[in-house]
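Remarks on the overall topology
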Amino acid sequence: MLIARDDYVIAQDWQAYRPAEHHTWRRLVARQRSRLPGRAAPDFLAGLDALAILDGGIPDFDRLNDILGKATGWRIVAVPGLVPDDVFFAHLANRRFPVARFIRTPEQMDYLEEPDVFHDIFGHVPMLMNPNFADYMQAYGEGGQKALGLGALKQLSRLYWYTVEFGLIETAAGLRIYGAGIVSSAGEVEFALDSASPHRIRFDLKRVLRTEYKIDDFQANYFVIGDYRELFDLAQQDFTPIYRALENTSDINPGRLLPADELLQRGSGKHHASSRFTKRIL
Ligand code: HBI
Ligand code: FE
């Protein structure tokens, strides 16, 4: 019988945060808020506004959960950091978003390997206030549990990467950002929309499941959806035949284009051509 896995949930212990940590939070919020107008998706900004408590300092998860729970039935739980995939998916499948309790040090303002409380809350929670996206995130968790059983985690984590973390959406006013990894990054908020370097490609599920990604640099390509319901609808299908069909295809290097790609904007690739190592900011 499977040993019941600890769900890695810990107490947030909000009282234990030091003033310097709340100060780092406020600096990060101010830095990113100043960059979002005209760039973040309207639904992201609406979610951020509904979470007005984010401006005071590291939020008390219980207070945040009052707001989030009323909006979409989601809640955040404190964890020490990255948790194993099966634990992560089990939380998502139950409308619980694991949030790292720690906050980066002042020296890490511009580079952080692991998601901290700022990336997880400022980046991910505003979109969890959107019912369609919230439904997608739960469906993703259920899909992740199935993918683990099918040995297809590598493919499925690309879907998370190119939507939840680095997704763009088309609006009447132009492309906008809903991906957590972009909105919580000082540099990538500009790069994702303004740079001529990356390709911007219409989202296609099989294409995304084949496309690799690098975790320590800006994206060489971004995928663009039309609306969040599109994500929920795709997550309803059984991925088993899709994974099987993918077995006869090769993975696609970031930045490479396929003839079938519906290109919204062809990139120059200049950023990645210059071997300059760009520290990613979560
Ligand atoms: N754990 N706490 C935490 N946060 C994440 O975003 C996270 C994780 N574990 C696994 C994971 N993300 C990725 O493998 C996803 O692609 C599943
Ligand atoms: Fe994240």
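Here goes a summary of the coordinates provided. (Residues numbered from 1 in each chain as written. Chains lettered and ligands numbered in written order. Predicted model: local features only at pLDDT ≥ 70, side-chain atom pairs only at ≥ 80, totals over all residues. Heavy atoms only, no water.)

A sheet is described by the order of its strands in space; here five strands give the open sequence E4-E3-E6-E5-E7, paired in mixed fashion. The open sheet has two free edges, formed respectively by strand E4 (174-177) and strand E7 (263-265), since each of these has just one partner strand. Geometrically, the sheet is characterised by an average inter-axis angle of 40° between neighbouring strands, direction not taken into account. Bridge count between strand E5 (residues 199-202) and strand E6 (residues 221-225): four bridges; the pairing is parallel. Each residue of the ladder has a partner; that of Arg 200, found in E6, is Tyr 222. (Pairing = 2+ DSSP bridges. Helix = DSSP H or I, 4+ residues; strand = E, 2+ residues; numbered from the N terminus. Axes fitted to C-alpha atoms, helices over the stretch in contact; angles between N-to-C directions.)

Our next topic: the pattern of salt bridges. The full count for this structure, using the stated rule, is 16 salt bridges. As a salt-bridge pair, Asp 135 and Arg 229 come within 3.5 Å of each other at their nearest N and O atoms. Here Arg 229 lies in helix H11 (residues 228-235) and Asp 135 lies in helix H6 (residues 131-150), a separation of 94 residues in the sequence. The exposure class of Asp 135 is partly exposed, given its relative accessible area of 21%. Judged by relative accessible area, Arg 229 falls into the partly exposed class, the value being 28%. Between Asp 261 and Arg 207 there is a salt bridge, with the nearest N and O atoms lying 2.7 Å from each other. Taken together, the residues Asp 261 in the loop between helix H12 (240-246) and E7 and Arg 207 in helix H10 (residues 205-210) connect sequence positions 54 residues apart. (Salt bridge = Lys/Arg side-chain N within 4 Å of Asp/Glu carboxyl O. Buried < 20%, exposed > 50% of the residue type's maximum accessible area, 1.4 Å probe, protein only.)

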